[in-house]
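Okay, here's what each chain looks like letter by letter:
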Amino acid sequence: MKILSIESSCDETAAAVVENGRKIISSVVATQVEEHKLYGGVVPEIASRRHCESINGVVKEALAQAETDLSGIDALAVTYAPGLIGALLVGVNFAKGLSLASGLPLIPVHHLRGHIASNYLEHTELEPPFLCLVVSGGHSHIVEVTDYTCMRVIGKTRDDAAGEAFDKAARTMGMPYPGGIHLDKAAQSGDPEAFRLPRPKLSGNMYDFSFSGLKTAVINLIHNAQQRGEQLPVNDISAAFRKAVVDSLLTNFIAAAEQLGYDKLVLAGGVSANSLLRERTLEECNKRGWKCFYPPLSLCGDNAAMIGSQAYYEYLAGNLADMKLNAAATMDIATLGKK
Ligand code: KG4
Ligand code: ZN
C-alpha cells in the first residue's frame, strides 16, 4: 500500500510516498529555517505563508521522485496535530482538497506518533511494545507504545521541552536558530565538569521532567560572565548543559523502563539527533542487555516520511478522516486518529 503523506506542523513543508509503513519511495522537505533565523525563532504567520507557497510544489516533487501520479497512490495522510495551528491548517486543507478531488481515503496523523514511527523506516525489525523517549522542540514525553496506535504518556515536561531549552541556551550564547545542533557540536570539545549545573527535583510523578531551572541557571551563568567582560567558555558551558539535559532525560527514561519492565528503548524527535543522548542511551541499554533504537539523523527532524509510516498503521486500525477533519494546536498522543 502506497501512502502520499503531508507534514506542515512547524517550519518544514514536507511530502513523501511511503510503502507499507516501512519503505520510503520518496521524501521531500522544504525548510524555512533560513528565514526564521532572522528572528531567532519560528514566526507562525511567516510559517503559514511559506507553507501555502511551497505545498503544491513539494507534493508534486514527492510524486515525481516516486515516479507516479495519484493513480499509483492508495491513500493520503496528513499531520493534523499538534503544532502551529495556521501551519497545520495548510497541510490539512490541502490534503482534504486532494482527497475530495481524487476519492482517496484520508488518514489523520498525530505529529509525535509520526516521530516515533520514523524508527520503523530504519529498523524494519522494530515492533511494539517498547518504551519511547519523544524529545522535540515542543515536547518531552516518555511514552509507552503498547501497539502501533495504542500509546500512553507516563512522564512529560512540566515546563520547557528539551529542544526548547537547548535552543534558548544556544541563543544566549549567540548561536543561530535552531541552536540545539550548534550547542551539540560546541559541546564535543568542551569539558562537562567545568561548571556545576542543577538537576531538577520534582515532587509528584517521578517520571516528569523540568528544564526551566536548568535553563535559567545557564542563562545566568552566561550573563554573569558577559557582565564581567569575560571571554565566554562556550564549549565548556555547552558540554555542561548538554550533560545536565541528557542526565535528566535518561534518569527518568531508564527508571521507567526498569519499573515497567521494558527491555526495548526507542528515541524519537528532533533532540534524538543529539550525539550524547544517542551514545548514552545505547551505553545504558548495552549495560542491561536491552535493545536500543533511534532514527537516522536524516529522519530525526520534521519530515513527511515518518507521517506516511504511522499513517499505514492508523489505516490498518481504521482511523480515517472525513471532510470534517480539523487541525488542533494541542492533542494528547493517546487520542485516536479521529477529530
Ligand atoms: O522534532 P523537531 O524537528 O521539531 C518539533 O517537532 O519540535 O525538533 C526540533 C528540535 C529543536 O529544538 C532543535 O534544536 C532540536 O530539535 N535539535 C537538537 C539537535 N538537533 C536538533 N537538540 C540537541 N542536539 C541536537 N543535535
Ligand atoms: Zn517534530
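Each remark here, short or long, concerns the structure printed above.
Cut-offs and rules
Residues numbered from 1 in each chain as written. Chains lettered and ligands numbered in written order. Predicted model: local features only at pLDDT ≥ 70, side-chain atom pairs only at ≥ 80, totals over all residues. Heavy atoms only, no water. Helix = DSSP H or I, 4+ residues; strand = E, 2+ residues; numbered from the N terminus. Expected span 1.5 Å × (residues − 1). Buried < 20%, exposed > 50% of the residue type's maximum accessible area, 1.4 Å probe, protein only. Core = buried A, V, L, I, M, F, W, Y, C linked by side-chain atoms within 4.5 Å. Contact = heavy atoms within 4.5 Å. Near = heavy atom within 4 Å. Polar contact = N/O pair within 3.5 Å; in protein donor to acceptor, adjacent residues only side chain to side chain. Areas by Shrake-Rupley, 256 points an atom, 1.4 Å probe, with all protein chains shown as cover. Nonpolar A, V, L, I, M, F, W, Y, C, P; charged D, E, K, R; others polar. Domains from an automatic or database assignment. Donors = N, O, S within 2.8 Å, 3.2 Å for Na, K, Ca; no water. Axes fitted to C-alpha atoms, helices over the stretch in contact; angles between N-to-C directions. Left-handed = near helix turned anticlockwise from the far one by under 90°. Phe/Tyr/Trp six-rings, centres within 6.5 Å; stacked < 30°, edge-to-face > 60°. Lys NZ or Arg CZ within 6 Å of the ring centre and 35° of its normal. Pairing = 2+ DSSP bridges. 1 Å grid on protein atoms, 1.4 Å probe; cavity = no way out; pocket = protein on both sides within 12 Å on 5 of 7 lines; lining within 4 Å. Points joined across faces, edges and corners; volume = space filled by probe spheres on them.

*Asks:* Any chance you could explain helix α10 (residues 305-316) here in plain terms?
*Replies:* Helical geometry note: an α-helix holds 3.6 residues per turn, so side chains three or four residues apart project in the same direction. Taking 1.5 Å per residue, 12 residues should reach 16 Å; α10 reaches 17 Å between its end C-alpha atoms and fits that length. In terms of burial, α10 is largely enclosed, as 10 of its 12 residues are buried. Those residues of α10 that fall on the buried side of the exposure criterion are A305, M306, I307, G308, S309, Q310, A311, Y312, Y313 and E314.

*Asks:* What's the story with helix α8 (residues 234-260) in this structure? I'm lost.
*Replies:* Between the first and last C-alpha of α8 there are 39 Å, a value that for 27 residues agrees with the 39 Å anticipated at 1.5 Å per step. After α8 finishes, the residue G261 shows a positive phi value of roughly 80°.

*Asks:* What should I look at first to understand the nonpolar core in this one?
*Replies:* Most often, soluble globular proteins keep nonpolar side chains buried together rather than apart. Core analysis: the biggest nonpolar cluster contains 45 residues, and L133, I142, F241, L249 and L277 have the highest contact counts within it. Looking at this core, the elements with two or more residues in it are β6 (130-135), α5 (162-172), α6 (180-188), α7 (212-227), α8, β9 (264-268) and α9 (275-288). The biggest single contributor to this core is α8, with 12 residues. Not counting the four nearest positions on each side in its chain, L249 is found in contact with L133, V135, A162, F209, F211 and L277. The next biggest cluster of nonpolar side chains, apart from the first, holds 27 residues, and it includes V78, L88, A95 and L98.

*Asks:* Could you clarify how one ought to interpret the site of ligand 1 in this entry?
*Replies:* As a matter of local geometry, ligand 1 sits amid 18 residues, with H115, G137, D167, D184 and N274 nearest to it. Between an oxygen atom of ligand 1 and a main-chain N or O atom of G163, the distance comes to 3.2 Å. Separating a nitrogen atom of ligand 1 from a side-chain N or O atom of D184 is a distance of 3.0 Å. Relative to its free-state accessible area of 550 Å², ligand 1 is covered by the protein chains to the extent of 86%. For the shell around ligand 1, the elements supplying multiple residues, two or more each, are α4 (111-122), α5 and α6. A breakdown of the residues in the shell around ligand 1 according to their chemical character gives 5 nonpolar, 10 polar and 3 charged. Both of domain 1 (2-116 + 299-316) and domain 2 (129-295) provide at least three residues apiece to the shell around ligand 1.

*Asks:* Would you explain the coordination of the zinc ion (ligand 2) in this entry?
*Replies:* When four donors bind a metal tetrahedrally, each ideal donor-metal-donor angle is 109.5 degrees, and when six bind octahedrally, the ideal angles are 90 or 180 degrees. The coordination sphere of the zinc ion (ligand 2), as far as protein atoms go, consists of H111 (NE2), H115 (NE2) and D302 (OD), spread over 2.0 to 2.1 Å. Every donor residue of the zinc ion (ligand 2) comes from the same chain, spaced as H-x3-H-x186-D. Of this pair, H111 sits in helix α4 while D302 is found in the loop between β10 (291-293) and α10, placing the two residues 191 residues apart along the sequence. The two residues H111 and D302 agree in class, both being buried.

*Asks:* Please explain the packing of α8 against α9 as it appears in this structure.
*Replies:* Any two packed helices are characterised by how steeply their axes cross, that is the angle between the axes, and by the distance between the axes. Their axes nearest at 10 Å, the elements α8 and α9 cross at an angle of 35°. Of the two elements, α8 crosses α9, and the hand of that crossing is right-handed. When α8 is examined against α9, the residues R242, K243, V246, D247, L249, L250, F253, I254 and E258 are found in contact with a partner set consisting of S275, L276, L277, R280, T281, E284 and R288. Among the residues making up the contact of α8 with α9, the classes are represented as 7 nonpolar, 2 polar and 7 charged.

*Asks:* In this structure, what is going on with the packing of aromatic side chains? I would like to understand it.
*Replies:* Aromatic rings considered in pairs are described by the distance between their centres and by the relative angle of their planes. Evaluated as defined, the whole model comprises 7 aromatic pairs. An angle of 20° between the planes, with centres 6.0 Å apart, marks the rings of F209 and F211 as stacked. For the pair Y312 and Y313, a centre-to-centre distance of 5.1 Å together with 80° between the ring planes defines the contact as edge-to-face. With respect to class, Y312 is no different from Y313; both count as buried. Here the aromatic cluster, defined as three or more aromatic residues joined through ring pairs, consists of Y120, F130, Y148, Y312 and Y313. One residue, R288, lies across the ring of W290, its end atom 5.4 Å from the ring centre.

*Asks:* Help me out: how do you make sense of the sheet that holds strand β7 (residues 140-147) in this one?
*Replies:* By definition, the strands of a sheet pair up through backbone hydrogen bonds, in either a parallel or an antiparallel sense. Spatially, β8-β7-β6-β9-β10 is the arrangement adopted by the 5 strands of the open sheet, whose pairing is mixed. Edge strands, defined here as strands with exactly one partner in the open sheet, are β8 (150-156) and β10. Sheet twist, expressed as the mean angle between neighbouring strand axes with direction ignored, is 25°. Inspection of the sheet shows β7 paired to β8 by 6 bridges, in the antiparallel sense. Looking at β8, one finds that I142 is bridged to G155.

*Asks:* In this structure, what is going on with the layout of surface pockets? I would like to understand it.
*Replies:* Sizing a probe to match a water molecule and rolling it over the atoms shows the empty space that remains. Estimated volume of the second largest pocket: approximately 160 Å³. In terms of lining, the second largest pocket is formed by R199, P200, L202, M206, D208, F209, S210, D247, S248, T251 and N252. Classifying every residue of the lining of the second largest pocket by side-chain character gives 4 nonpolar, 4 polar and 3 charged.

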